[in-house]
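Residues per chain, in single letters:
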Amino acid sequence: MRVLWLCNIMLPAIARELGMAASNKEGWLTGLAGQLIQKRQENHIELGICFPVGKGGVPVRGTVGGVRFFGFAEDTGHPECYDKGLESRLLTILEDYRPDVVHIFGTEFPHTLAMTRCVKDKARILIGVQGICSKIADFYTADLPKAVVRRFLIRDILRWDNIAQQQKKFVKRGRMETEALRNAGHITGRTAWDREAIAVLAPEAVYHPMNETLRPEFYTKRWRLAECEKYSVFLSQGNYPVKGLHYLLLALPDILKQFPETKVYVAGDEITRYCTLKEKIKIGSYGKYCRKLIKDGGLTENVVFLGKLNSGEMCRRYVKSHVCLSASSIENSSNSVGEAMLLGMPTVSSAVGGIPSMLEHEKEGLLYPHKDKDALAACICRMFADDAFAASCGENAAKRAAVTHDPDTNYRRLVEIYEEIVKG
């Protein structure tokens, strides 16, 4: 059986083969690919992988570890724009590799739609749903003030990319996504929320439940209360409105009233930086709004931006923190929640999208209505105040996550799906 993966990134093993910098994103793909390769005598699967190399990027081809790879040019910096030329590039790869199954990971980029247009037999297309762009568009502005959503700062003018424009781009991506999903014969998902969404967006597709395998580092460590920094909160990202950093900043003054030593650690770019002329030009409306919340709330000493972290650094930051928070206005199944659960961390999350399918309220963590800053603050404070409850939630979460994210179970399920598709 010949399976061709279409990924959003170049996998690290391929990057190393080409002498290029490896991405830290979607590290779970490496583990899944490794299992397929190691057990190919058992599963009889020949794996090929294709991926974008960026606008103007030089197409690459080769073999690493017995896996053929194909890199094609795509402007991933403007995923709302469809490039008709993608179809000819992907068709060339299909004609060369001649796969029995085409497995597409994610719907965020135009290459997903292009691939579904190129594959003649739609019953051989499998799309793995991650987020759903059309749903993200609905919640993108995340209860921000209208003035913040509509205004244009220098950066927004130069890029024509203020928050309102960003939302419109997700609407465009959602239209491409819907066509791609309807072109696919098979779709994998993992929550009640995405199953309901697929039933509406692609009612004729066969839906296959399949959980995700997470990054390898998160299977080897465990959170311990005695080893963490007490009264610290970790957000795995806060770069754009959907991730909900502003909700926490609005709730933080109330948390500080009970726990004045509270620290918030945010992974990713420091979107609020405003020191140099370059930073003042680059700051966007969302970053400036969060900066104002930090200043007005007297939170400068309580919020720390960590910059970009690799998977090992992320894992260490998780276990060093007291509570993991997902404050998103919309999610399918958050990898940050899954990783925190796997580590046995006390976890607090907004009860949005597929999160309630992952984590049981009061047993494995705490859920709250995403717009309710008072409820957010209360959940964090409860985890801080009740060590026994926090530890119990962490233990229960770890037991569930060990099943949900079990690599062997998820590998076997994937092989089953491939076999079902080939057998028709």
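You'll find the structure just up there.
As a convention, each chain's residues are numbered from 1 in the sequence order in which they are written. Owing to the predicted nature of the model, reporting of local features is limited to residues with pLDDT of at least 70; listing and counting of side-chain atom pairs is limited to 80 or more, with chain, interface and lining totals taken over all residues. Heavy atoms throughout the structure, all of them, feed into the side-chain values; hydrogens and water do not.

> What exactly am I supposed to notice about the overall build of the protein chain here?
Numbered from the N terminus, helices here are DSSP runs of H or I no shorter than four residues, and strands are runs of E no shorter than two. Tallying secondary structure elements over the protein chain gives 19 helices and 14 strands in all. The globule rule is 2.2 Å times the number of residues to the power 0.38, and the radius of gyration it is compared with is taken over C-alpha atoms. Relative to the globule expectation of 22 Å for 424 residues, the C-alpha radius of gyration of the protein chain, 22 Å, shows essentially globular dimensions. Its C-alpha atoms put the protein chain at 65 × 50 × 45 Å along the principal axes. Evaluated residue by residue, the protein chain yields a buried proportion of 57% over its 424 residues. For this analysis, residues touch if any pair of their heavy atoms sits within 4.5 Å. Expressed as a percentage of contacts within the protein chain between residues at least 6 apart in sequence, the contacts between residues at least 24 apart total 68%. Per element, the accessible surface of the protein chain, about 18300 Å² overall, is 52% carbon and sulfur. Note that His is not counted, nor are the chain ends; the positive residues are Lys and Arg, and the negative ones are Asp and Glu. Every charge is mapped to an atom, namely NZ of Lys, CZ of Arg, CG of Asp or CD of Glu. Charged side chains of the protein chain number 58 positive and 50 negative; the gap between the two group centres comes to 5 Å. Under the scheme applied here, a residue whose accessible area is under 20% of the maximum for its type counts as buried, over 50% as exposed, and between as partly exposed, the area being computed with a 1.4 Å probe on protein chains only. The accessible surface values rely on the Shrake-Rupley method and a 1.4 Å probe; as for residues, cover is taken only from the protein chains in view.

> Just to check I follow, could you spell out a positive patch on the surface for this structure?
Taken together, the side chains of Lys280, Lys288, Arg291 and Lys295 make up a positively charged region of the molecular surface. As for its placement among the helices and strands, Lys288 is situated in helix α13 (residues 285-296). For Lys288, a relative accessible area of 32% corresponds to the partly exposed category. Only residues whose relative accessible area exceeds 30% and that form no salt bridge enter a patch; like-charged residues are grouped when within 9 Å of one another, and nonpolar side chains (Val, Leu, Ile, Met, Phe, Trp, Tyr) when within 5 Å. Salt-bridge detection follows one rule: a side-chain nitrogen of Lys or Arg within 4 Å of a carboxyl oxygen of Asp or Glu.

> So what exactly am I meant to see when it comes to the pairing of strand β8 (residues 206-209) here?
Two faces belong to every sheet, and in a regular strand the side chains alternate between them. As paired strands, strand β7 (residues 186-189) and β8 are joined by 4 bridges and run parallel to one another. Pairing of Gly189 across the sheet is with Pro209, part of β8. The definition of a right-handed crossover adopted here requires that, viewed with the strands pointing away, the path from the first strand over the helix to the second runs clockwise. Between the parallel elements β7 and β8, the chain passes through helix α10 (residues 192-201) in a crossover that is right-handed. Any two strands are treated as partners once DSSP identifies two or more bridges connecting them.

> For this particular structure, what's the right way to read the sheet that holds β8?
Note on sheets: strands pair through backbone hydrogen bonds, and any given pair is parallel or antiparallel. Read across the open sheet, the 8 strands follow the order β3-β4-β2-β1-β5-β6-β7-β8; overall the sheet is mixed. Each edge of the sheet is formed by a strand with only one pairing partner; in this case those strands are β3 (60-64) and β8. With strand direction ignored, the average angle separating the axes of adjacent strands in the sheet is 20°. Where helices are involved, their axes are fitted lines through C-alpha atoms of the stretch in contact, as for all axes, and angles between N-to-C directions lie from 0 to 180°. Along the sheet, helix α4 (residues 85-97) contacts β1 (2-6), β2 (46-52), β3, β4 (67-72) and β5 (101-105); its crossing angle with β4, the most-contacted strand, is approximately 165°.

> For this particular structure, what's the right way to read the packing of aromatic side chains?
Here the distance between the centres and the angle between the planes together describe a pair of aromatic rings. Stacked, tilted and edge-to-face are the three classes applied to pairs of Phe, Tyr and Trp rings, where Trp contributes its six-membered ring and a pair requires centres within 6.5 Å; stacked means planes under 30 degrees apart, edge-to-face means over 60, and tilted covers the rest. One pass over the structure, following the stated rule, counts 11 aromatic pairs. An angle of 25° between the planes, with centres 6.0 Å apart, marks the rings of Tyr140 and Tyr240 as stacked. Taken together, the positions of Tyr140 in the loop between α6 (133-139) and α7 (146-150) and Tyr240 in the loop between β9 (229-235) and α11 (245-258) put the pair 100 residues apart, joining distant regions of the chain. On the accessibility criterion, Tyr140 (3% relative accessible area) is buried. Exposure remark for Tyr240: the relative accessible area of 24% places this residue in the partly exposed category. Relative to Phe384, the ring of Tyr231 has its centre 5.4 Å away and its plane inclined at 80°; by these criteria the two rings are edge-to-face. In this pair, Tyr231 sits in strand β9 while Phe384 sits in helix α17 (residues 373-385), placing the two residues 153 residues apart along the sequence. Residue class for Phe384 comes out buried when judged on its relative accessible area of 1%. Chaining the aromatic ring pairs together yields one cluster made of Tyr140, Phe170 and Tyr240. Positioned over the ring face of Tyr265 is Arg317, at 3.8 Å from the centre of the ring. Whether a charge sits over a ring comes down to the Lys NZ or Arg CZ being within 6 Å of the ring centre and within 35 degrees of the ring normal. Directly above the ring of Phe389 sits Arg382, whose terminal nitrogen or CZ lies 4.0 Å from the centroid.

> Would you take a moment to explain the side chain of Thr107 for this structure?
Relative to the helices and strands, Thr107 is located in the loop between β5 and α5 (110-118). By relative accessible area, Thr107 is classed as buried at 4%. A 3.5 Å cut-off defines polar contacts: any pair of N or O atoms within that distance qualifies, except that in protein one atom must be a possible hydrogen donor and the other a possible acceptor, and neighbouring residues in sequence count only when both atoms are side-chain atoms. One polar contact links Thr107 to Glu177, side chain to side chain, over a distance of 2.7 Å. In this structure, Thr107 is in contact with Thr112, Ile127, Gly131, Cys133, Glu177 and Leu181, ignoring residues within four places of it in sequence.

> Would you explain the sheet that holds strand β12 (residues 321-326) in this entry?
Judged by pairing direction, the sheet is parallel, and its 6 strands sit side by side in the order β11-β10-β9-β12-β13-β14 without closing on themselves. Strands at the two margins of the open sheet, each flanked by one partner only, are β11 (303-307) and β14 (366-368). Each strand of the sheet is rotated relative to its neighbour by a mean of 25°, with strand direction disregarded. Judged from the 4 bridges that link them, β9 and strand β10 (residues 263-267) form a sheet pairing that is parallel. Among the inter-strand pairings, Leu235 is bridged to a residue of β10, identified as Val266.

> Sorry, what's going on with α11 here?
Because the α-helix completes a turn every 3.6 residues, residues three or four places apart line up on one side. With 14 residues, α11 ought to run about 20 Å at 1.5 Å a step, and its terminal C-alpha atoms sit 20 Å apart, in line with that. Burial in α11 covers these residues: Leu245, His246, Tyr247, Leu248, Leu249, Ala251, Leu252, Ile255 and Leu256. Buried residues belonging to α11 abut β9, β10, α13, β11, β12 and α17. Take the residue count of a helix, subtract one, and multiply by 1.5 Å to get its expected span.

> Would you mind going over empty space enclosed by the protein with me for this structure?
Which parts of space are left empty comes out when a probe the size of a water molecule is rolled across the atoms. Residues are called lining when one of their atoms sits within 4 Å of a cavity or pocket point, these points coming from a 1 Å grid over the protein atoms alone, where a cavity is a set in which a 1.4 Å probe fits but cannot get out and a pocket is an open set with protein on both sides within 12 Å along at least five of seven lines. Grid points are joined across faces, edges and corners, and a volume is the space filled by probe spheres set on the points. Scanning the entire structure with this criterion turns up 2 cavities of 30 Å³ or more. Approximately 130 Å³ is the volume attributed to the largest cavity. If you go around the largest cavity, you meet 13 residues; those closest to its centre are Trp28, Phe105, Thr188, Met210 and Glu212. Those elements that place two or more of their residues in the lining of the largest cavity are α2 (28-38) and β5. Think of it as three bins: nonpolar holds Ala, Val, Leu, Ile, Met, Phe, Trp, Tyr, Cys and Pro, charged holds Asp, Glu, Lys and Arg, and polar takes everything else, Gly as well. Across the lining of the largest cavity, the residue classes break down as 5 nonpolar, 6 polar and 2 charged.

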